[in-house]
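Residues per chain, in single letters:
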Amino acid sequence: MSKKLYVGNLSWTSTEAEVRTAFEAFGEVTSVKLVEDRETGRPRGFGFVEMDDAGAREAIAALDGKEFGGRNLKVNEAKPREERPRW
């Protein structure tokens, strides 16, 4: 079973390939998605990594608070997105 991880406080210059490489040290990475602003296309400084269960636990323990690209990462299990009313 795979888990989806939230990865926050990424530098705006971080790439999906760099994030994938960092997380592959702990297990098989299924997907990496860095979130971009819809209007400008600029990175928003966070993203999601989907990987195997055991590797996800190891990655959280090893990478949460660690320096990556000049910033300290925030890594935890992603929470389901809340439904927001559309105006």
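Just above sits the structure.
Bringing the packing of aromatic side chains into the picture now. Taken as a whole and judged by the stated rule, the model has 3 aromatic pairs. For the pair F46 and F48, a centre-to-centre distance of 6.1 Å together with 85° between the ring planes defines the contact as edge-to-face. Joined through ring pairs, the aromatic side chains of Y6, F46 and F48 make up one cluster. A cation over an aromatic ring shows up here: K4 above the ring of F48, its NZ or CZ 5.4 Å from the ring centre.

Another point: the side chain of S14. Inspection of the secondary structure puts S14 in the loop between strand 1 (2-8) and helix 1 (16-24). Look at S14 and you get buried, because its relative accessible area is 10%. Apart from the residues within four sequence positions on either side, S14 is in contact with L34 and F68.

The strands making up a sheet associate through hydrogen bonds between their backbones, and the pairing can be parallel or antiparallel. Strand order across the open sheet formed by 4 strands is 2-3-1-6, with antiparallel pairing between neighbours. If you trace the sheet from one side to the other, it starts and ends with strand 2 (29-36) and strand 6 (74-77), each paired once. Averaged over all pairs of adjacent strands, the angle between strand axes in this sheet comes to 20°, irrespective of strand direction. Note that strand 1 and strand 3 (residues 43-52) share 7 bridges and pair antiparallel. Within strand 3, the residue paired with K3 across the bridge is M51. Lying over the sheet, helix 1 contacts strand 1, strand 2, strand 3 and strand 6, oriented at roughly 140° with respect to strand 2. Sheet strands touched by helix 2 (residues 53-63): strand 1, strand 3 and strand 6. Its angle to strand 3, the strand with the most contacts, is close to 140°.

So, on to the nonpolar core. Soluble globular proteins: nonpolar side chains tend toward being buried together. Counting residues in each nonpolar core, the largest one holds 16 residues, and the members touching the most others are V19, F23, V49 and M51. When contributions to this core are tallied by element, the ones reaching two or more residues are strand 1, helix 1, strand 2, strand 3 and helix 2. Setting aside residues up to four positions removed in sequence, V19 forms contacts with L10, V32, L34, V49 and F68.

The rules behind these values
Residues numbered from 1 in each chain as written. Predicted model: local features only at pLDDT ≥ 70, side-chain atom pairs only at ≥ 80, totals over all residues. Heavy atoms only, no water. Phe/Tyr/Trp six-rings, centres within 6.5 Å; stacked < 30°, edge-to-face > 60°. Lys NZ or Arg CZ within 6 Å of the ring centre and 35° of its normal. Helix = DSSP H or I, 4+ residues; strand = E, 2+ residues; numbered from the N terminus. Buried < 20%, exposed > 50% of the residue type's maximum accessible area, 1.4 Å probe, protein only. Contact = heavy atoms within 4.5 Å. Pairing = 2+ DSSP bridges. Axes fitted to C-alpha atoms, helices over the stretch in contact; angles between N-to-C directions. Core = buried A, V, L, I, M, F, W, Y, C linked by side-chain atoms within 4.5 Å.

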